[in-house]
Amino acid sequence: MRQWLDLLAIRDFRNLWISNTLVQVAQAAFPIAIAVVIIDAGGSAAKLGGILAARIAASTIFGLFGGVWADRAKRKFVMISADSFRGILIFSIAFLPAATTPTLIYAVIVFLIGIGDSLGGPANNAILPTIIDDEKLQHANVLRGITYRVSMILGPVIGGILVALLVAQHAFFVIGAMYVIGTLLLLSINEPPFERAGTRPTFLADLQEGLKTVWEMPWVAALIAMASVQLIFFLAIESVLLPVITKREFQTNSVMALALAAFAVGGSISSLVALKMKPKNPGRVAVLVWGLLVVGFISLAFPINKEFVIAAFFIAGFSIGPWDAFWPSAIQREVPMEKQGRVFAIDQMGSLGLAPVGMALVGPVTSITGERNFILFSIAFHLFICAITLLVPGVAKLKNPSSAKSEQI
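Keep in mind the model is a prediction, meaning the values are calculated, not measured.

For the rest of this paragraph, the subject is the layout of surface pockets. Left-over empty space is what a probe sized like a water molecule reveals as it rolls over the atoms. Considering only enclosed or pocket space, the second largest pocket measures out at about 430 Å³ in volume. Contributing to the lining of the second largest pocket are 19 residues, with Q138, P282, F326, R333 and K399 lying nearest its centre. Secondary structure elements with two or more residues in the lining of the second largest pocket: α8 (137–165) and α16 (321–334). For the lining of the second largest pocket, the element with the most residues is α16, which contributes 5 residues. Here the residues of the lining of the second largest pocket sort into 8 nonpolar, 3 polar and 8 charged.

Here it is in structure tokens:
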């Protein structure tokens, strides 16, 4: 706790953290508000799903461009542009006549908001080592990870309260204002410049250099690939099978909500535990603990009772704590500062790029295989991928093998 108080005493980090919190809460509140507007106007669940999917699609498609931009310009200006762009778009929805506005208009706006998500994310991660000392990075990353999970819980609650108290479209004024305030807080951040090697390449050359950087660091490539293929199954199970199975088995939506909240609490606790650890092989710890994710899967394959599902997702949440503590700090430490925006963009794109495929296919696949068989396969697949990833040089220590050897000499 004292380390976090010391971090928050640093004005630049404090402003970044508050800005991030406001934007994350706004991001989580937005889907609730847009859902109410679309459904109240007579829109179907399919239309709403398509509109929300447009945001994920844009974030995935433009993720690499956001990384290049973050490495070519001052990162705080990239974030300011992305946040103000999203704020303006959200304000614009408040002025649209809900009853007569075509669904396509909402889809285009949400797609553009997704572009803003992709452009701001890499800069947000890459700016951190420029405003705080290296020894504070791990505490800062854990604090931001916990704040993100709390925001993902509070955001929908705030969105629900806003649409309950206000005309649904007026909620967008409040959500947009969160982006505006977040933008203003970024203005005062003092981001020092960093040197770029050689002459300024073309945009495409920058893009290729980012991909080459990841390829030449096998442990980075392996862990991004691991998350990419595993999250196809996890996000499909979390977003589709969790609500379907718990509603069918327990005749209520509250189990799903409590399970997701328990997952977030478990993740926050494990982040704090990981922060106290000083393992010689942080990557090995992170991957092994990541295996706990399957406990949540097991509870859905065998939904004995409500308490079992909620407790299982609480335990599954422990799987993500070491990633908060070790992964972003490793990238910030091992990757040259002028390339971090692109590497974080590739990580972001890789982690979520294939997720819509899983969400789209889980229904048809489980209708053929059965839900339990699909979940059991997902468990085996998850653990198998964890095991083979640990064989990649550098994964265990989250370091380039050459630098790890030099420390032992």
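Now that the structure is up, let's keep going.
A few words on the pattern of salt bridges. Within the structure shown, the criterion is met by 15 salt bridges. Close ionic contact of D133 with K136 constitutes a salt bridge, the shortest N to O distance being 3.9 Å. We classify D133 as partly exposed; its relative accessible area is 44%. By relative accessible area, K136 is classed as partly exposed at 24%. R342 is the salt-bridge partner of E209, the closest N and O atoms lying 2.7 Å from each other. Pair noted here: E209 is in helix α10 (residues 203–215) and R342 is in helix α17 (residues 340–353), with a separation of 133 residues, a long-range link. Salt bridges sharing common partners tie together D71, R72, R75, D206, E209 and R342.

The interhelical angle for the contact between helix α11 (residues 218–250) and helix α15 (residues 306–317), taken along N-to-C directions, is 155°, at an axis separation of 11 Å. On the basis of the axis angle, α11 is roughly antiparallel to α15. Facing α11, whose interface residues are L242, T246 and F250, α15 presents K306, V309 and F313. Grouping the constituent residues of the contact of α11 with α15 by class yields 4 nonpolar, 1 polar and 1 charged.

Moving on: a nonpolar patch on the surface. Together, F95, V157, I161, L165, L166, F173 and V174 give the surface a local cluster of nonpolar side chains, amounting to about 660 Å² of exposed area. Looking at the nonpolar patch, the elements that each hand over two or more residues are α8 and α9 (171–187). Considering every element that reaches the nonpolar patch, the biggest residue donor is α8, with 3 residues. You can see V157 is positioned in helix α8.

Turning our attention to the side chain of D83. Relative to the elements of secondary structure, D83 occurs in helix α5 (residues 75–94). Only 2.4 Å separates the side chain of D83 from the side chain of R86, close enough to count as a polar contact. D83 has contacts with S19, V23, Y179, T183 and L186, leaving out every residue within four places of it along the chain.

Of note in the backbone geometry, L398 takes a positive phi value of approximately 55° without being a glycine. Look at L398 and you get buried, because its relative accessible area is 1%.

In the contact formed by helix α12 (residues 254–276) and α16, the axes pass within 6 Å of each other and the chain directions differ by 45°. With respect to α16, the axis of α12 lies oblique. The segment α12 lies against α16, with G267, S270, S271, A274 and L275 engaging G321, P322, D324, A325 and F326.

Summed over the entire model, instances satisfying the criterion amount to 15 aromatic pairs. Between the aromatic rings of F91 and F173, the centroid separation amounts to 6.2 Å while the plane-to-plane angle is 45°, which identifies the pairing as tilted. Linking F91 in helix α5 with F173 in helix α9, this pair joins segments that are 82 residues apart in sequence. Residue F91 is classed as partly exposed on the basis of its relative accessible area of 24%. The exposure class of F173 is partly exposed, given its relative accessible area of 31%. For the ring pair W219 and W327, a centre distance of 6.1 Å and an interplane angle of 85° mean the geometry is edge-to-face. Taken together, the positions of W219 in helix α11 and W327 in helix α16 put the pair 108 residues apart, joining distant regions of the chain. Taken together, the ring pairs in this structure connect W219, W290, W323 and W327 into an aromatic cluster.

What follows deals with the environment of R75. Relative to the elements of secondary structure, R75 occurs in helix α5. Between the C-alpha atoms of R75 and G341, which are 266 residues apart in sequence, the distance is 8.6 Å. From its side chain, R75 meets the backbone oxygen of M337 in a polar contact 2.7 Å long.

Time to look at the nonpolar core. Core analysis: the biggest nonpolar cluster contains 81 residues, and W219, V220, L223, W327 and I375 have the highest contact counts within it. It is α11 that contributes the most residues to this core, 18 residues altogether. Here L223 is in contact with V287, W323, W327, T389, V395 and L398, once residues within four sequence places are set aside. Counting 27 residues, the second-largest nonpolar core is a separate cluster that includes A29, A33, V110 and I113.

We now examine the confidence of the model for the protein chain. Averaged over all residues, the pLDDT of the protein chain is 84; the fraction at 70 or higher stands at 93%. Note on residues 405–409: pLDDT under 50 across the span, and 2 contacts to partners over four residues away in sequence or across chains.

The rules we used
- Residues numbered from 1 in each chain as written.
- Predicted model: local features only at pLDDT ≥ 70, side-chain atom pairs only at ≥ 80, totals over all residues.
- Heavy atoms only, no water.
- 1 Å grid on protein atoms, 1.4 Å probe; cavity = no way out; pocket = protein on both sides within 12 Å on 5 of 7 lines; lining within 4 Å.
- Points joined across faces, edges and corners; volume = space filled by probe spheres on them.
- Helix = DSSP H or I, 4+ residues; strand = E, 2+ residues; numbered from the N terminus.
- Nonpolar A, V, L, I, M, F, W, Y, C, P; charged D, E, K, R; others polar.
- Salt bridge = Lys/Arg side-chain N within 4 Å of Asp/Glu carboxyl O.
- Buried < 20%, exposed > 50% of the residue type's maximum accessible area, 1.4 Å probe, protein only.
- Axes fitted to C-alpha atoms, helices over the stretch in contact; angles between N-to-C directions.
- Parallel < 35°, antiparallel > 145°, perpendicular 65-115°, else oblique.
- Contact = heavy atoms within 4.5 Å.
- Patch = residues over 30% accessible without salt bridge, like charges linked within 9 Å, V, L, I, M, F, W, Y side chains within 5 Å.
- Areas by Shrake-Rupley, 256 points an atom, 1.4 Å probe, with all protein chains shown as cover.
- Polar contact = N/O pair within 3.5 Å; in protein donor to acceptor, adjacent residues only side chain to side chain.
- Phe/Tyr/Trp six-rings, centres within 6.5 Å; stacked < 30°, edge-to-face > 60°.
- Core = buried A, V, L, I, M, F, W, Y, C linked by side-chain atoms within 4.5 Å.
- pLDDT = per-residue confidence, 0-100.

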